[in-house]
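Structural overview for review
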Amino acid sequence: MGSEARTKPDEENASRRQRILDAAAAEFSRKGFSAARIDSIAEQADANKQLIYYYFGSKSGLYDAVLDQLVETYRPTWKRLEGATVDQLIASHAEHTETSELWRRLLAWEGMEYWDSADHAIHLEEVRTQAYRAQTDVIARGRAAGTFP
């Protein structure tokens, strides 16, 4: 019974943290970093602002955690694209329709507003660059083989 008591708060914390990440991903993708509000994220996640700052430190920390989660979600897919065909690339995008829309919107906002300052490094830039390179390589191979116009 003692281990169950310890597990329950850990599970609750993980669930609460995940709700915050999900709400933040939705808020950042809808409004961008600048217009997103921690109050709104807290309300959507049924959490309080202090808890968000406890878990993530700042609004930037929360944004980075959202990107971390998306990268980890897509990492296996990106790995499978190494050496993939165009059809496999298309199937991969179809497999992640809901999260890929969220990802594209976040990236669009990031490009427009959040990283326009030379003071900011692009979060996980190397990993993300490799992922995009793997996808463009699939297209290049398809074009070279005559299977993609």
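Residues numbered from 1 in each chain as written. Predicted model: local features only at pLDDT ≥ 70, side-chain atom pairs only at ≥ 80, totals over all residues. Heavy atoms only, no water.

Let us look at the pattern of salt bridges. A side chain of one charge can pair with a side chain of the opposite charge when the charged atoms of the two come close. Counted under the stated rule, the structure contains seven salt bridges. Between Glu95 and Arg80 there is a salt bridge, and its shortest N-O distance comes to 3.6 Å. Of this pair, Glu95 sits in helix α5 (residues 86–95) while Arg80 sits in helix α4 (residues 59–80), and the two are 15 residues apart along the sequence. The exposure class assigned to Glu95 is exposed, which follows from its relative accessible area of 52%. Here the salt bridges do not stand alone but share partners, grouping Glu27, Arg30 and Lys31 into one network. (Salt bridge = Lys/Arg side-chain N within 4 Å of Asp/Glu carboxyl O. Helix = DSSP H or I, 4+ residues; strand = E, 2+ residues; numbered from the N terminus. Buried < 20%, exposed > 50% of the residue type's maximum accessible area, 1.4 Å probe, protein only.)

Attention now moves to the packing of aromatic side chains. With the rule as written, the count across this model stands at eight aromatic pairs. Aromatic pair Trp78 and Trp103: ring centres 6.1 Å apart, planes at 55°, arrangement tilted. Of the two residues, Trp78 sits in helix α4 while Trp103 sits in helix α6 (residues 97–114), which places them 25 residues apart along the sequence. In this structure, Trp78 and Trp103 share a single accessibility class: buried. A connected cluster of aromatic rings, assembled from ring pairs, spans Phe28, Phe33 and Tyr63. Taking the ring centre of Phe33 as reference, the NZ or CZ of Lys59 above it sits at 4.7 Å. (Phe/Tyr/Trp six-rings, centres within 6.5 Å; stacked < 30°, edge-to-face > 60°. Lys NZ or Arg CZ within 6 Å of the ring centre and 35° of its normal.)

Viewed as axis vectors pointing N to C, α4 and helix α7 (residues 125–145) meet at an angle of 35°, and their least axial separation amounts to 11 Å. Classified by chirality, the crossing of α7 by α4 is left-handed. Residues Leu67, Val71, Arg75 and Trp78 of α4 form the contact with α7, whose participating residues are Val127, Arg128, Ala131, Ala134 and Gln135. Counted by class, the contact of α4 with α7 contains six nonpolar, one polar and two charged residues. (Axes fitted to C-alpha atoms, helices over the stretch in contact; angles between N-to-C directions. Left-handed = near helix turned anticlockwise from the far one by under 90°. Contact = heavy atoms within 4.5 Å. Nonpolar A, V, L, I, M, F, W, Y, C, P; charged D, E, K, R; others polar.)

One can find Lys79 in helix α4. Overall, Lys79 belongs to the exposed group, its relative accessible area being 54%. Separated by 55 residues in sequence, Lys79 and Ala134 have C-alpha atoms that sit 8.3 Å apart. In terms of polar contacts, Lys79 uses its side chain to reach the side chain of Glu82, at 3.2 Å. (Polar contact = N/O pair within 3.5 Å; in protein donor to acceptor, adjacent residues only side chain to side chain.)

Turning our attention to helix α2 (residues 38–45). Among all positions of α2, only Ile38, Ile41, Ala42 and Ala45 are buried. With its buried residues spanning 100° around the axis, α2 presents them on a single face. In the stretch just after α2, Asp46 is the one whose phi turns positive, near 55°. (Arc of directions from axis to C-beta.)

Our next topic: α7. Taking 1.5 Å per residue as the helical rise, α7 with its 21 residues ought to reach 30 Å, and the 30 Å between its terminal C-alpha atoms agrees with that figure. By the burial criterion, the buried members of α7 are Arg128, Ala131, Ala134, Gln135, Val138 and Gly142. Along α7, the residues classed as buried sweep out an arc of 120° about the axis, all on the same side. Within α7, the exposed residues directed more than 90 degrees away from the buried face are Glu126, Arg143 and Ala144. A positive phi of about 80° marks Gly146, the residue just after α7. (Expected span 1.5 Å × (residues − 1).)

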